[in-house]
Amino acid sequence: MSVWDPLRGNLSIESLARQMSADDLAHSWLLLGSSGSDKGAAAVAMAAAVNCEVAPMLGCGDCSTCLRILRHRHPDVHHVSPEGTFILVDQIRESVIAEATRSPFEATSKVFILEEADRMNPAAQNALLKTLEEPGPATMFILLSAREEELLETIRSRCRVIHLQRVPEEHIATVLQAEGIATDKALLAARVCEGDLHRARSLTGSGRAWERRSLWLSIPRRLTSPVDGLDLAAEIVNEAREAVRDREMHQKDEVVELAEALGEGRGTTSARNALAKRHKRELRRVEEAVLAEALDTMGSFYRDVLALRSGGESVTNLDVLEELGGWADSGVSDLGLLAAVERCVSARSALSKNANVPLTMETTMLELTERVPPDSRAGVRS
Amino acid sequence: MKFRCERDDLVGAVQFASRAISNRATLPVLSGLRMEATEDGRVRVAATDLELTMETVFAAAVDEPGKAIVPGRLFGEMTRNLSSGQVSVAGTDGEVEIGSGRGRFRVRSLTPDDYPALPIEDRDDSAGVQVSVNATELAAALSQVVRAASGDESRQILTGVLCELEIGSVTLAATDSYRLAVRTLEVVGGPEEQRKVVLPARTLGELGRALQGAAGSVTALVKENLVAFSVEGSAELANEWVIGSRFIEGEFPKYRQLIPDSYPNTLVVDRERLLEVTKRVGLLAQNNLPVKLQLAAELEVSAHTPDVGEGQEVIEAEYEGEPLVIAFNPQFLADGASAISSQRIEMQVGDGLKPAILRGERGDFTYLLMPVRLS
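Residues numbered from 1 in each chain as written. Chains lettered and ligands numbered in written order. Predicted model: local features only at pLDDT ≥ 70, side-chain atom pairs only at ≥ 80, totals over all residues. Heavy atoms only, no water.

Digging into the overall build of chain A
Thinking step 1. Of the regular secondary structure elements, chain A holds 15 helices and five strands.
Thinking step 2. Here the C-alpha atoms of chain A give a radius of gyration of 23 Å, agreeing with the 21 Å that 2.2 N^0.38 yields for 382 residues.
Thinking step 3. Considered along the principal axes of its C-alpha atoms, chain A spans approximately 70 × 50 × 40 Å.
Thinking step 4. Split into buried and exposed, the 382 residues of chain A put 50% on the buried side.
Thinking step 5. For chain A, the proportion of contacts with a sequence separation of at least 24, taken over those separated by at least 6, is 72%.
Thinking step 6. Side-chain charges of chain A comprise 45 positive and 58 negative groups, with the mean position of each set lying 4 Å from the other. (Helix = DSSP H or I, 4+ residues; strand = E, 2+ residues; numbered from the N terminus. Rg over C-alpha atoms; globule rule 2.2 N^0.38 Å. Buried < 20%, exposed > 50% of the residue type's maximum accessible area, 1.4 Å probe, protein only. Contact = heavy atoms within 4.5 Å. Lys, Arg positive; Asp, Glu negative; His and termini not counted. Charge placed at Lys NZ, Arg CZ, Asp CG, Glu CD.)

Spelled out as structure tokens, the structure:
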């Protein structure tokens, strides 16, 4: 058994595992890959491998050290992730720089895993730079990112850069079926998740993700006038708020748990404030994730129409193939479809940079109505 | 885990270890206290915020050896509110039951698998350097030096205290770049080759607190990544504890070159007088303004804050050197004067712009203080 076992099948991760040799271990790594590339799991496996005492540089996956690292419960493996839209300089100072100056608590090596490292704003990246340049002994940094271009050149140049592949579609389908998902649903989820196993799991899981996807797919069809556009924008925003409310319920449980652990007396204020702050940022992230889901799905719908027109091999949304066919046969222009896809992508990127949510969604929907005018779709079967 | 003990022993141990529980813990399980009962009739209570680890032990009738992680604050409050007499503690899956008199209390415990391994428990000294030092002397040295450490988190290395360990002696140094405190004290043992470590001022502050009232000697075991200070208790295990600390890694400023060999001007003054006058006159040095010292046959301390007021007071002194004026932050001056234990203080001054040196009658402590430039 090894910590790499669950990641078998992903060739780029297998090659990464082979690079973990003791003689030539880089202290700063940048793992690049889309959200489905398992880079988080790879980073945790790296942390376990360098610290495992039973199987050094391999990670036995079975000792207390490995188990705690895999559960994100190890005092020397630090996970830093954006609590809001950005990783701010204060968070880097508190969670990384201060900790990096201390000797390890119990492990051989301190490991800092910076999830979505591209969300560090430039000030935070610059603050990190000095520590990255001269890390203390026994310190390893693993930066994870899907958007390399958002990282400063000075950060990138100090890291060993590893490009990770997406998880292959067949692999995801196999995993989902092994987890008890019906074959049809597993195959479709594996197709539409774009190589992201987590997204595939959430789609086939118990949450509302599957229902939401149907809703997003119905939007292009229902977009028949600017007024509809505004209504649909409101509908999308409401759906996101709904997800936020669900998350809020979870957060209430966390607050109760904290109170049980610490009591409510004197001296617990800072812990409670920290939790409240984290919760607030987390809600913003949940909202952004649902909106991104909507924009990605709508974008993929328009792209599928284009794909069908050009031969139709890489269609994503196979479950609405009939409707896509109707669109492909209609008078919608290729340029219009292309502009619609681009608009979905740019709206998503604007939201990740803290744009105003209702405004962004409204302008997007209005522009989609304009690019893909309803009258050009005459003859679409719906 | 199951044991019976005296309420006071339990409360004392829980309160001691709880000082290492932080509200800002990154791992949820660190809000807990680790209790471990062993067959030889000892119960160890430990807590850590990763930087500071505190552990103590008390005697109990152990019915079933074992471990449990109890919620720190709640358990602390509960035990403190028990009436005195015998207490029983039993840990089962996910729960700890406390029995006292006719009361039964059950609290949820935390996952023991998540609790970090405590390196201070590894008492194997083969990999480290062990020294022992007089507890009272160490407590005094800490109170002299720790106060000079910086509170500014942006230069982490200055938030620590440098410990230079050699055979027979240890030198403690701390600076916030406005003042520097250096104290040398004797130890038994030490490394062949000088070993330098920087310990967080916060942990040393807790160590100082724990040492209050301790007699005998403290053992410090310096290992690769941590130091563990321990005090052996009496036969009843009273007052036996271990405090562990991580190091701050990095290069501590080369402080020795800042201390000049000698200065031409030397003032000798009564410590108590200097302290009380500095405090009094310092009240009128507001908005970060300094107190001004005019060194001559007598010492005149004065302060002036525009729109607030002014004051001056003269202290009898012995002075050798040219008359001169030098100004200091009143708090830093008072800190230095109060860190010195002798009745008289010697202040050596170069000129109004060079750092001044404060020393007591014993030569083991030096306090270097940067003057404030007078406009």
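Next comes the rest of the description.
Some remarks on the interface of chain B and chain A
Thinking step 1. Listed by partner, the interface residues are 29 residues for chain B and 27 residues for chain A.
Thinking step 2. Of all residues in chain B, Asn-23, Arg-246 and Glu-249 of chain B give up the largest surface area on contact with chain A, accounting jointly for 26% of the area buried on that side.
Thinking step 3. One can count six salt bridges joining chain B with chain A.
Thinking step 4. Between Arg-71 of chain A and Asp-114 of chain B there is a salt bridge; the shortest N-O distance is 2.7 Å.
Thinking step 5. Scanning the region where chain B abuts chain A turns up 12 residue pairs in polar contact (both at pLDDT 80 or more).
Thinking step 6. With three residues, the top contributor of residues to the side of chain B that touches chain A is helix H2 (residues 72-80) of chain B. (Buried area = accessible area lost by both parts, 1.4 Å probe. Salt bridge = Lys/Arg side-chain N within 4 Å of Asp/Glu carboxyl O. Polar contact = N/O pair within 3.5 Å; in protein donor to acceptor, adjacent residues only side chain to side chain.)

Focus on the sheet that holds strand E11 (residues 160-166) of chain B
Residue and element names in this part refer to chain B.
Thinking step 1. Pairing is antiparallel in the open sheet, where 12 strands are placed in the order E15-E11-E12-E13-E26-E25-E24-E19-E22-E21-E20-E23. For this open sheet the edge positions go to strand E15 (195-200) and strand E23 (324-328), each flanked by a neighbour on one side alone. Between one strand axis and the next, the sheet turns by 25 degrees as a mean value, whatever way the strands run.
Thinking step 2. In the sheet, strand E20 (residues 291-295) pairs with E23 via five bridges, with the strands oriented antiparallel. Paired with Val-291 across the bridge in E23 is Phe-328.
Thinking step 3. On top of the sheet, helix H5 (residues 271-282) reaches strand E19 (265-270), E20, strand E21 (298-305), strand E22 (309-320) and strand E24 (344-349); it is set at about 160 degrees to E22, its chief contact.
Thinking step 4. Across the face of the sheet, helix H6 (residues 330-339) comes into contact with strand E13 (179-186), E20, E23, E24, strand E25 (356-359) and strand E26 (365-369) while running at roughly 170 degrees to E26. (Pairing = 2+ DSSP bridges. Axes fitted to C-alpha atoms, helices over the stretch in contact; angles between N-to-C directions.)

Notes on the sheet that holds strand E1 (residues 28-32) of chain A
All names here are of chain A.
Thinking step 1. Read across the sheet, five strands follow the order E2-E3-E4-E1-E5 without closing on themselves; strand pairing throughout is parallel. Looking along the sheet, the strands with just one partner apiece sit at the ends: strand E2 (77-80) and strand E5 (160-163). Along the sheet, successive strands turn relative to each other by an average axial angle of 15 degrees, direction set aside.
Thinking step 2. Pairing of E2 with strand E3 (residues 110-114), which is carried by four bridges, proceeds in the parallel orientation. Within E3, the position partnered with Val-80 by the bridge is Leu-114.
Thinking step 3. Sheet strands in contact with helix H2 (residues 39-51) are E1, E2, E3 and strand E4 (139-145), and its direction is about 170 degrees off that of E4.

Focus on the nonpolar core
Thinking step 1. Formed by 102 residues in total, the largest nonpolar core has its most connected members in Phe-3, Leu-211, Leu-293 and Leu-299 of chain B.
Thinking step 2. Those residues in contact with Leu-293 of chain B that lie beyond four places of it in its chain are Leu-299, Glu-300, Val-301, Leu-324, Val-325, Ile-326, Phe-328, Leu-333 and Met-347 of chain B. (Core = buried A, V, L, I, M, F, W, Y, C linked by side-chain atoms within 4.5 Å.)

Some remarks on the packing of aromatic side chains
The geometry of an aromatic ring pair comes down to the distance between the two centres and the angle between the two planes.
Thinking step 1. On inspection of all chains with the given rule, the structure shows eight aromatic pairs over all chains.
Thinking step 2. On the basis of an interplanar angle of 70 degrees and a centroid distance of 6.2 Å, the ring pair of Tyr-302 of chain A and Trp-327 of chain A is categorised as edge-to-face. With Tyr-302 of chain A in helix H12 (residues 269-309) and Trp-327 of chain A in helix H13 (residues 321-329), this residue pair connects regions lying 25 residues apart in the sequence. A single burial state applies to Tyr-302 of chain A and to Trp-327 of chain A, both of which are buried.
Thinking step 3. Within the aromatic cluster, the residues linked to one another by ring pairs are Phe-301, Tyr-302 and Trp-327 of chain A.
Thinking step 4. Sitting over the ring of Trp-210 of chain A, Arg-213 of chain A keeps its end group 5.7 Å from the ring centre.
Thinking step 5. The ring of Phe-332 of chain B has Arg-179 of chain B lying over it, and the distance from NZ or CZ to the ring centre is 4.0 Å. (Phe/Tyr/Trp six-rings, centres within 6.5 Å; stacked < 30°, edge-to-face > 60°. Lys NZ or Arg CZ within 6 Å of the ring centre and 35° of its normal.)

With respect to the environment of Ser-214 of chain A
Thinking step 1. If you trace the backbone, Ser-214 of chain A turns up in helix H10 (residues 209-222).
Thinking step 2. Measuring from C-alpha to C-alpha, the distance between Ser-214 of chain A and Gly-36 of chain A comes to 21 Å, with 178 residues separating the pair along the chain.

A word on the packing of H5 of chain B against H6 of chain B
Residue and element names in this part refer to chain B.
Thinking step 1. Direction vectors running N to C along H5 and H6 enclose 160 degrees, while the axes themselves pass 9 Å from each other. In terms of orientation, H5 lies roughly antiparallel with respect to H6. Considering how the two elements wind past one another, H5 and H6 form a crossing that is left-handed. Contacts from Arg-271, Leu-274, Leu-275, Thr-278 and Gly-282 in H5 reach Pro-330, Leu-333, Ala-334, Ala-337 and Ser-338 in H6.
Thinking step 2. Split by residue class, the contact of H5 with H6 holds six nonpolar, three polar and one charged. (Parallel < 35°, antiparallel > 145°, perpendicular 65-115°, else oblique. Left-handed = near helix turned anticlockwise from the far one by under 90°. Nonpolar A, V, L, I, M, F, W, Y, C, P; charged D, E, K, R; others polar.)

Let's talk about the domain arrangement of chain A
Residue and element names in this part refer to chain A.
Thinking step 1. Segmenting chain A into domains produces domain 1 (5-166), domain 2 (169-205) and domain 3 (206-377).
Thinking step 2. Listed as interface residues are 11 residues of domain 2 and, on the opposing side, 14 residues of domain 3.
Thinking step 3. Of all residues in domain 2, Leu-188, Arg-191 and Leu-203 bury the most surface against domain 3, accounting for 46% of the area lost on that side.
Thinking step 4. For the interface between domain 2 and domain 3, the tally reads one salt bridge.
Thinking step 5. No other element matches the five residues that helix H8 (residues 183-192) contributes to the side of domain 2 that touches domain 3.
Thinking step 6. Across the side of domain 2 that touches domain 3, the residue classes break down as four nonpolar, three polar and four charged. (Domains from an automatic or database assignment.)

Describing the pattern of salt bridges
Thinking step 1. One pass over the structure, following the stated rule, counts 62 salt bridges over all chains.
Thinking step 2. The partner of Lys-353 of chain A in a salt bridge is Glu-150 of chain A, and the shortest N-O contact between them spans 3.7 Å. One end of the pair, Lys-353 of chain A, is in the loop between helix H14 (334-352) and helix H15 (357-371); the other, Glu-150 of chain A, is in the loop between E4 and helix H6 (153-156), with 203 residues separating them in the sequence.
Thinking step 3. With a relative accessible area of 45%, Lys-353 of chain A lands in the partly exposed category.
Thinking step 4. Relative accessible area serves as the criterion here: at 29%, Glu-150 of chain A is assigned to the partly exposed category.
Thinking step 5. The residue Arg-80 of chain B makes a salt bridge to Glu-77 of chain B at a minimum N-O spacing of 3.8 Å. Remark: Glu-77 of chain B and Arg-80 of chain B occur in helix H2; sequence separation between them is three residues, near one turn of the helix.
Thinking step 6. Residue classification places Arg-80 of chain B among the partly exposed positions, given a relative accessible area of 40%.
Thinking step 7. Glu-77 of chain B gets classed as partly exposed once you look at its relative accessible area, which sits at 44%.
Thinking step 8. Where salt bridges share partners, they join Arg-273, Glu-276, Arg-280, Glu-313 and Glu-316 of chain B into one cluster.

Section: the environment of Glu-235 of chain A
Residue and element names in this part refer to chain A.
Thinking step 1. Note on placement: Glu-235 falls in helix H11 (residues 226-262).
Thinking step 2. Residues Glu-235 and Ile-219, spaced 16 residues apart in sequence, show a C-alpha to C-alpha distance of 10.0 Å.
Thinking step 3. Apart from residues no more than four positions distant in its own chain, Glu-235 is found in contact with Leu-215 and Arg-222.

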